[in-house]
2 protein chains.
Amino acid sequence: MEKEISQAVIRRMPRYYRYLGELLDDGVERISSNDLSARMRVTASQIRQDLNNFGGFGQQGYGYNVKYLYDEIGNILGINQRHNMIVIGAGNLGQALANYVNFEKRGFVIIGLFDVNPALKGTCVRDIKVRMMDELEAFVKKQPVDIAALTMPKEHAKKIANILVDLGINAIWNFAHLDLELPEHVVVENVHLSESLMQLSYNFANYKKLTDKK
Amino acid sequence: MEKEISQAVIRRMPRYYRYLGELLDDGVERISSNDLSARMRVTASQIRQDLNNFGGFGQQGYGYNVKYLYDEIGNILGINQRHNMIVIGAGNLGQALANYVNFEKRGFVIIGLFDVNPALKGTCVRDIKVRMMDELEAFVKKQPVDIAALTMPKEHAKKIANILVDLGINAIWNFAHLDLELPEHVVVENVHLSESLMQLSYNFANYKKLTDKK
DNA sequence: GTAACAGTGTTAAATTTTTCACACATTGAC
DNA sequence: GTCAATGTGTGAAAAATTTAACACTGTTAC
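Note that the coordinates shown come from a computational prediction; the quantities given were computed from them, not determined experimentally.

*Asks:* What am I meant to see in the relation of the copies chain A and chain B here?
*Replies:* Copy one and copy two of the chain differ by a rotation about a common axis and a shift along it. Superposing chain A onto chain B takes a rotation of 180° combined with a translation of 0.0 Å along the rotation axis, leaving an RMSD of 0.0 Å. Overall, the copies show the geometry of a two-fold rotation axis. Minimal C-alpha separation from the rotation axis in chain A is found for A:Asn92, amounting to 2.5 Å. Here 100% of the interface residues in chain A have copies in chain B that are interface residues too; the copies meet face to matching face.

Have a look at this one:
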């Protein structure tokens, strides 16, 4: 099997995808790694190296066809294949995810929203009904669920993650502030907002310090 | 001035902080890089190297004092100094941030919530009043604002970011799906949820492919 | 058709990041 | 007090990532 591609590369792919999408909207047909690098503020070399992990999508003397490259990166990232998602935790964050229609455009369809709060039972976000946790098992067994987003407080996240994995869900988008310890075959992507905020805080404090010293 | 510390290191610091906080809650007084590395699933070497960027916090033969190290990392990250934040965009995501009380515990206090939707005018999230955008300037001039979180659709983000910078705000927590082009002295931390989801999607698809091949 | 140009894919170099290894300071048992 | 054990700080090695360089292919203008 081919060599594994590093997460550093994978992390950049969605950004290429975003820029190519914008170029496409602007009616741009072709682009060179050089032009793209100027827009994205990365080196052209990195763009070429990154793309070449997946194959040669460009052509000497021409550059890259925007539409073609856009689609290819989409395929690589598994976009436009349908992914059924559920969101556990129907608080503001869960609702924000449920309301974000662009996910759906890309094939990530939220088909269920779950919570423990009985007050939310039966309410809807967009056309997605909020269900109680005791309905989870039957729900998952009735229809395939690819990805579960965890937006509940961290106290419950561990237990629920285990339940989800037992139900056969192998991809978890974790917004709870803890590291899930799950079997190796389960893919976890963490979004730790408070850690992101702390990084901002550091850079902010540090930049200030630098300038103060001058 | 000392050599700059890489973002790779900074990104890990909040995680150390989190684990140390948990140890503290569990009443653990001291810990070695080795024990911590086992819990965090990173190498002990990396922990020691990371910490040594900021100074020697440990002691040979003893390890690290949990409380002390916790506080020191807090200082490094600028936690527990008060940071006034405003959130632009009072949709679900903005409200989710406003409702998240742990930010406040760490010194990140959301003092204002702004939106363009007149229907939200005067409503409150926790005790934070939602204000209209035309009140922004007066608000910012009346009290210091350190950080602005941008949770509005990307169409407006660019313009608003510029306004914020003109008003003297130098740290932006950007949730909009675009890259802000701001003066160099402005610190931006991006949270691109759809890119995170695509990364999950890639890893999910790729893991499946790997196992299918076996 | 041809020649100058543009621009990829790719190999190699440079840089950054991570891991290893160990000298030496401190601890804790006796 | 002594001595084995522990465990940091750190310099050096290894690995990974990023950038540079360029041979060579396809493009475009004439």
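*Asks:* Would you take a moment to explain the packing of aromatic side chains for this structure?
*Replies:* For any pair of aromatic rings, the description consists of the separation of the ring centres together with the inter-plane angle of the planes. Summed over all chains, the structure comprises 14 aromatic pairs over all chains. Each ring, one from B:Tyr17 and one from B:Tyr70, has its centre 4.3 Å from the other, and the planes form 10°; the classification is stacked. Of the two residues, B:Tyr17 sits in helix α1 (residues 7–25) while B:Tyr70 sits in helix α4 (residues 66–77), which places them 53 residues apart along the sequence. Just as B:Tyr17 is buried, B:Tyr70 falls in that class too. An angle of 80° between the planes, with centres 5.2 Å apart, marks the rings of B:Phe114 and B:Phe139 as edge-to-face. Linking B:Phe114 in strand β5 (residues 108–115) with B:Phe139 in helix α7 (residues 136–142), this pair joins segments that are 25 residues apart in sequence. Residue class for B:Phe114 comes out buried when judged on its relative accessible area of 0%. Each member of the aromatic cluster is reached from another via a ring pair, and the members are A:Tyr100, A:Phe103, A:Trp173 and A:Phe175.

*Asks:* Sorry, what's going on with the interface of chain A and chain B here?
*Replies:* Where the parts come together, the accessible area they lose is often given as the size of the interface. Taken residue by residue, the interface counts 62 residues in chain A and 63 residues in chain B. Across the chain A-chain B interface, the total number found is eight salt bridges. Between B:Asp179 and A:Arg15 there is a salt bridge whose closest N-O contact spans 2.8 Å. Run the count over chain A and chain B and you get 25 residue pairs in polar contact (both at pLDDT 80 or more). Counting residues per element, the ones that place at least two in the side of chain A that touches chain B are α1 (7–25), α4 (66–77), β4 (83–88), α5 (92–99), β9 (171–174), β10 (187–190) and α9 (193–213) of chain A. Ranked by residue count, the leading element in the side of chain A that touches chain B is α9(A), at 15 residues.

*Asks:* What is the right way to read the protein's contact with DNA strand C from this model?
*Replies:* Within the structure, DNA strand C sits among 25 residues, and A:Ser33, A:Arg48, A:Gln60, B:Ser45 and B:Gln49 are positioned closest to it. Within 4 Å of the protein, the contacting atoms of DNA strand C are drawn from sugar and phosphate to the extent of 59%. A:Phe57 places a main-chain nitrogen or oxygen 3.1 Å from a phosphate oxygen of DNA strand C. Taking A:Gly61, its main chain carries an N or O atom lying 3.1 Å from a sugar or linking oxygen of DNA strand C. Residue assignment for the surface near DNA strand C shows that the elements contributing at least two residues are α3 (44–52), β2 (58–59) and β3 (63–65) of chain A together with α3 (44–52) of chain B. Across the surface near DNA strand C, the residue classes tally to three nonpolar, 18 polar and four charged.

*Asks:* Before we go on, may I ask you to explain the protein's contact with DNA strand D in this structure?
*Replies:* DNA strand D sits among 26 residues. The nearest are A:Ser45, A:Gln49, A:Gln60, B:Ser33 and B:Gln60. Within 4 Å of the protein, the contacting atoms of DNA strand D are 59% sugar and phosphate, with bases supplying the remainder. Within the side chain of A:Arg12, one N or O atom sits 2.8 Å away from a phosphate oxygen of DNA strand D. Taking B:Gln49, its side chain carries an N or O atom lying 2.9 Å from a base oxygen of DNA strand D. Going through the elements one at a time, α3 of chain A together with α3, β2 (58–59) and β3 (63–65) of chain B are the ones with two or more residues in the surface near DNA strand D. Of all the elements, α3(A) adds the most residues to the surface near DNA strand D, at four residues. For the surface near DNA strand D, the class distribution of residues is four nonpolar, 18 polar and four charged.

*Asks:* What's the story with α4(B) in this structure? I'm lost.
*Replies:* Each full turn of the α-helix corresponds to 3.6 residues, which orients residues three or four apart in the same direction. All names here are of chain B. Here α4 contains twelve residues, and its C-alpha end-to-end distance of 16 Å stays within 8% of the 16 Å for a straight helix at 1.5 Å per residue. Among the residues of α4, Val66, Leu69, Tyr70, Ile73, Gly74, Ile76 and Leu77 are the ones counted as buried. Relative to the axis of α4, the buried residues are bounded by an arc of 160° and lie together on one face. The N-cap residue of α4 is asparagine 65: its side-chain oxygen and the backbone nitrogen of lysine 67 are 3.1 Å apart. After α4 finishes, the residue glycine 78 shows a positive phi value of roughly 75°.

*Asks:* How should the pairing of strand β8 (residues 147–150) of chain A be read in this particular structure?
*Replies:* Side-chain positions along a regular strand alternate between the two faces of the sheet. All names here are of chain A. Burial along β8 is two-sided: Ile147 and Ala149 facing one way and Ala148 and Leu150 facing the other are all buried. Summarising the sheet, β8 and β9 pair through four bridges and their orientation is parallel. For leucine 150, the partnering residue across the bridge sits in β9 and is asparagine 174. In this region the chain leaves β8, passes through helix α8 (residues 154–166) and returns to the parallel neighbour β9; the handedness of that crossover is right-handed.

*Asks:* Honestly, the pattern of salt bridges in this entry has me stumped. Any pointers?
*Replies:* Where charged atoms of side chains with opposite charge meet at close range, the side chains can pair. Applying the stated criterion across every chain yields a total of 16 salt bridges over all chains. The residue A:Arg41 makes a salt bridge to B:Glu181 at a minimum N-O spacing of 2.6 Å. Separated into two different chains, A:Arg41 in the loop between α2 (33–40) and α3 and B:Glu181 in the loop between β9 (171–174) and β10 (187–190) make up a pair that spans both. The class of A:Arg41 is exposed, set by a relative accessible area of 63%. With relative accessibility at 46%, the residue B:Glu181 sits in the partly exposed group. A cluster of three or more residues bridged by salt bridges with shared partners is formed by A:Arg15, A:Arg18, B:Asp179 and B:Glu195.

Reading the values: rules and limits
- Residues numbered from 1 in each chain as written.
- Chains lettered and ligands numbered in written order.
- Predicted model: local features only at pLDDT ≥ 70, side-chain atom pairs only at ≥ 80, totals over all residues.
- Heavy atoms only, no water.
- Least-squares fit on C-alpha atoms with pLDDT ≥ 70 in both.
- Contact = heavy atoms within 4.5 Å.
- Phe/Tyr/Trp six-rings, centres within 6.5 Å; stacked < 30°, edge-to-face > 60°.
- Helix = DSSP H or I, 4+ residues; strand = E, 2+ residues; numbered from the N terminus.
- Buried < 20%, exposed > 50% of the residue type's maximum accessible area, 1.4 Å probe, protein only.
- Salt bridge = Lys/Arg side-chain N within 4 Å of Asp/Glu carboxyl O.
- Polar contact = N/O pair within 3.5 Å; in protein donor to acceptor, adjacent residues only side chain to side chain.
- Near = heavy atom within 4 Å.
- Nonpolar A, V, L, I, M, F, W, Y, C, P; charged D, E, K, R; others polar.
- Expected span 1.5 Å × (residues − 1).
- Arc of directions from axis to C-beta.
- Pairing = 2+ DSSP bridges.
- Right-handed = clockwise from strand over helix to strand, strands pointing away.

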